[in-house]
Amino acid sequence: SRVPQAEAAVAYAYALVGQEAEAKLIEERVEQFAAGHYFPSPQLALVRIGFGDKDGALKKLRRGLEEKSFLMIYLKSDPLYDDLRNHPSFTEILQSMNFPD
């Protein structure tokens, strides 16, 4: 069995290539793990991005802010988040983090 963080990456990849049933199964397994253990919400956001679910991804990123997840530091530059960049909620999240210019 893979570590949950790797599982989230695999679910993202499956969703991205249209293998949604496999992606959903893995996502459910990771969500079950996350219910009882700390799991960085930005990684769950990536799975939602893979599915094209911008609102779901943004919800997970807002939770990442609340958790103070270290993975939030990648939001400004990581191309994985490019599909969200034009969304007003994404802009609000970035502004709330006070990234330097």
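For the structure given in this document, a descriptive report is provided here. Values in this document were obtained by computation on a predicted structure and should not be read as measured data. Numbers given for residues are sequential positions, taken from 1 along each chain in its written order. In keeping with the predicted nature of the model, local features appear solely for residues at pLDDT of at least 70, side-chain atom pairs appear and are counted solely at 80 or more, and the whole-chain, interface and lining totals rest on all residues. Only heavy atoms go into the side-chain values, all of them from the structure, while hydrogens and water stay out.

Some points on the packing of aromatic side chains
So, point 1. Centres within 6.5 Å are what make two rings of Phe, Tyr or Trp a pair, Trp counting through its six-membered ring; a difference in plane orientation under 30 degrees is then read as stacked, over 60 as edge-to-face, and the rest as tilted. Evaluated as defined, the whole model comprises two aromatic pairs.
So, point 2. Residues Phe33 and Phe39 carry aromatic rings whose centres are separated by 6.3 Å and whose planes lie at 80 degrees to one another, so their mutual orientation is edge-to-face.
So, point 3. With a centroid separation of 6.4 Å and 25 degrees between ring planes, the pair formed by Tyr81 and Phe90 is classed as stacked. Judged on exposure class, the residue Tyr81 and its partner Phe90 are both buried. Relative accessibility thresholds used throughout: buried, under 20% of the residue-type maximum; exposed, over 50%; partly exposed, between the two (1.4 Å probe, protein chains only).

What to know about unusual backbone geometry
So, point 1. Phi at Lys68 takes a positive value of approximately 60 degrees, unusual for a residue other than glycine.
So, point 2. Note on Lys68: relative accessible area 71%, which makes it exposed.
So, point 3. Although it is not a glycine, Asn98 sits at a positive phi angle of roughly 55 degrees.
So, point 4. With respect to the helices, strands and loops of the structure, Asn98 is situated in the segment after helix 5 (88-96). The helix and strand labels rest on DSSP assignments: H or I over at least four residues marks a helix, E over at least two residues marks a strand, and numbering proceeds from the N terminus.

What about helix 4 (residues 54-67)?
So, point 1. Here, expected helix span is obtained from the residue count minus one, scaled by 1.5 Å. With 14 residues, helix 4 should reach 20 Å at 1.5 Å per residue; the first-to-last C-alpha distance of 20 Å fits that figure.
So, point 2. Buried within helix 4 are the following residues: Gly56, Ala57, Leu58, Lys60, Leu61 and Gly64.
So, point 3. Summarising the contacts, the buried residues of helix 4 are in contact with helix 2 (20-36), helix 3 (41-50) and helix 5.
So, point 4. At the exit of helix 4 stands Lys68, carrying a positive phi of roughly 60 degrees. Contacts: residue pairs with any heavy atoms within 4.5 Å of one another.

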